[in-house]
Amino acid sequence: TWHLKKIPQIVSERTFSLDSPKFEAKTKLELNSVCGIECQRKLPVPSLSDLKDLLSYETVFENGTRILTEVNVLGLALDPAGNTTTQRSSRKKRQIYGTDSRFSIYDKRFMTSFPFNTAVKISTGCSGILISPKHVLTAAHCLHNGKDYVKGSKRLRVGLMKTKSRGDGRKRKGAKRNGMPSFQWTRVKSTHIPKGWFKGVSEDIALDYDYAVLELKRPHKRKYMELGISPTIKMMPGSMIHFSGFDNDRSGQLVYRFCSISDESNDLFYQYCDAEPGSTGSGVYLRLKEPNKKKWKRKIIAVYSGHQWVDVNGEQQDYNVAVRITPLKYAQICFWIHGNDENCTQG
């Protein structure tokens, strides 16, 4: 069951103008290093002032102007347990993990129906997911390498899968029927990235804040997926997660996969969902029962960040990693969507 949780409040305190970015960074769809499972266990619990700094955020507008918004966090109970992870057995060497278990979605009826229609393509080469009539959730590193915005993010666009071809169903001469999705591209009005993504981004990238929200210039009329607070592995049916994106090795295809999670920290899921670059930024979702109802509902509980080598028991092991939607991140993303915290009290 989805459990309702009281959400901390994130409120805007001050806004500063910043210089326009250079937009010169190279897009990197796979990150090199990350604080691994053992490193996560040793991290101290962030203080309230740390969190205010990490959750402050930059907004870049389509004309290249940039602002920094400092925030305050209200109503937060800090967890003294720290960045704990579940102790699970050390895993096998990297395999795509064994048999490739991804499914290419060819049938247009599925492709343009919920939940697959919520997947979008980002013009920098990543994927994303629709989270409101005007907002898309994706990974921060699809837009920013920690030091500068990537080249393609100056004129950022989002590709929504088209439901109808031109001619409204009448087959044109020589038209191919290959099941490939076609896209309707929409310009991005503004981009929000948490300051935590820019912090300590020299050699070791802090993946905990690898998420961003794009505001579209024009609203779409499609069904989008709501955010949910990420439950622990024990609270998931079969520990299973699902996500769909546009993997580079299956050009032009929508690729769906599901798998179980192997380990977790407070902010990350470590799993073996088969994925290739291009699916980075996809929304990871679950289907759970609505409280006091017989209905089931899918909600986004994480953002797929990509393949990582991490330290486990002194060895380098590799996982596919997703950034969890914690109550704090829920509060922040909800604030970005609504522009206030009134609609973000329950998650």
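Residues numbered from 1 in each chain as written. Predicted model: local features only at pLDDT ≥ 70, side-chain atom pairs only at ≥ 80, totals over all residues. Heavy atoms only, no water.

The protein chain goes by Inactive serine protease 35 in an unreviewed UniProt entry, where it is assigned to Corythaeola cristata. UniProt, in its Subcellular location (unreviewed entry) section for the protein chain, records the words "Secreted". (UniProt positions renumbered as here; feature names shortened; annotations may be inferred.)

This part takes up the pairing of strand S10 (residues 212-216). Extensive coverage of S10 is indicated by the burial of five of its five residues. Residues Ala 212, Leu 214 and Leu 216 point to one face of S10 and Val 213 and Glu 215 to the other, with burial holding for every one of them. For strand S7 (residues 135-138) and S10, the ladder comprises four bridges, and the chain directions are antiparallel. Note that in S10 the partner of Thr 138 across the bridge is Ala 212. Here strand S9 (residues 183-194) runs beside S10; their pairing, made up of four bridges, is antiparallel. Among the inter-strand pairings, Thr 191 is bridged to a residue of S10, identified as Leu 214. (Buried < 20%, exposed > 50% of the residue type's maximum accessible area, 1.4 Å probe, protein only. Helix = DSSP H or I, 4+ residues; strand = E, 2+ residues; numbered from the N terminus. Pairing = 2+ DSSP bridges.)

For the rest of this paragraph, the subject is the pattern of salt bridges. This structure, assessed with the given rule, holds twelve salt bridges. Lys 195 is the salt-bridge partner of Asp 53, the closest N and O atoms lying 2.6 Å from each other. Look at Lys 195 and you get partly exposed, because its relative accessible area is 28%. With a closest N to O distance of 2.9 Å, Glu 226 and Lys 297 form a salt bridge. Of this pair, Glu 226 sits in the loop between S10 and strand S11 (240-245) while Lys 297 is found in strand S15 (residues 296-312), placing the two residues 71 residues apart along the sequence. Under the relative-accessibility criterion, Lys 297 is labelled partly exposed at 25%. Taken together, the salt bridges that share partners define one network made up of Glu 62, Arg 187 and Lys 217. (Salt bridge = Lys/Arg side-chain N within 4 Å of Asp/Glu carboxyl O.)

Turning to helix H2 (residues 48-55), its buried residues number three or more, namely Leu 51, Leu 54 and Leu 55. All buried residues of H2 fall inside an arc of 85 degrees around its axis, so they share one side. Structurally, H2 contributes buried residues whose contacts are with strand S1 (9-18), strand S2 (57-61), strand S3 (66-74), S9 and helix H4 (327-338). (Arc of directions from axis to C-beta. Contact = heavy atoms within 4.5 Å.)

On to unusual backbone geometry. Cis geometry marks the peptide bond from Phe 114 to Pro 115, where omega comes out at 5 degrees. In this fold, Pro 115 is placed in the loop between helix H3 (108-111) and strand S5 (119-122).

Generally speaking, a soluble globular protein has its nonpolar side chains buried in company with each other. Leu 55, Ile 131, Leu 137, Val 158 and Ile 333 are the most contacted members of the largest nonpolar core, which totals 68 residues. Top contributing element to this core by residue count: H4, with eight residues. Once residues within four sequence positions are removed from consideration, Ile 131 is found in contact with Val 136, Leu 137, Val 213, Tyr 224, Met 225, Leu 227, Ile 300, Ile 333 and Ile 337. Core analysis: the next-biggest nonpolar cluster, separate from the first, contains 17 residues, Ile 261, Phe 269, Cys 273 and Leu 288 among them. (Core = buried A, V, L, I, M, F, W, Y, C linked by side-chain atoms within 4.5 Å.)

With respect to the secondary-structure elements, Ser 190 resides in strand S9. Apart from the residues within four sequence positions on either side, Ser 190 is in contact with Thr 59, Val 60, Phe 61, Val 213, Leu 214 and Glu 215.

Summed over the entire model, instances satisfying the criterion amount to 13 aromatic pairs. Note on Phe 103 and Phe 258: the rings are 6.2 Å apart at their centroids and 10 degrees apart in plane angle, and the pair reads as stacked. Of the two residues, Phe 103 is situated in strand S4 (residues 103-105) and Phe 258 in strand S12 (residues 254-264); the sequence distance between them amounts to 155 residues. Given the relative accessible area of 42%, Phe 103 is considered partly exposed. (Phe/Tyr/Trp six-rings, centres within 6.5 Å; stacked < 30°, edge-to-face > 60°.)

Another aspect to go through is empty space enclosed by the protein. Empty space within the largest cavity amounts to approximately 120 Å³. If you list the elements that add at least two residues to the lining of the largest cavity, you get S2 and S9. The leading source of residues in the lining of the largest cavity is S9, at five residues. Along the lines of polarity and charge, the residues of the lining of the largest cavity split into seven nonpolar, three polar and five charged. Here the second largest cavity defines a volume of roughly 40 Å³. (1 Å grid on protein atoms, 1.4 Å probe; cavity = no way out; pocket = protein on both sides within 12 Å on 5 of 7 lines; lining within 4 Å. Points joined across faces, edges and corners; volume = space filled by probe spheres on them. Nonpolar A, V, L, I, M, F, W, Y, C, P; charged D, E, K, R; others polar.)

Another point: the environment of Gly 238. Locating Gly 238 in the fold gives a position in the loop between S10 and S11. Of the residues examined, Gly 238 reaches a relative accessible area of 56% and is grouped as exposed.

Taken as a whole, this structure holds two disulfides when the rule is applied. The disulfide partner of Cys 126 is Cys 142, and the S-S distance across this bridge is 2.1 Å. Note on the Cys 126 and Cys 142 pair: the S-S dihedral is about -95 degrees, so by sign convention the disulfide is left-handed. Residue Cys 126 is found in the loop between S5 and strand S6 (127-130), and its partner Cys 142 is found in the loop between S7 and strand S8 (157-161); the two are separated by 16 residues along the sequence. Each member of the pair, Cys 126 as well as Cys 142, carries the same accessibility label: buried. (Disulfide = S-S within 2.5 Å.)

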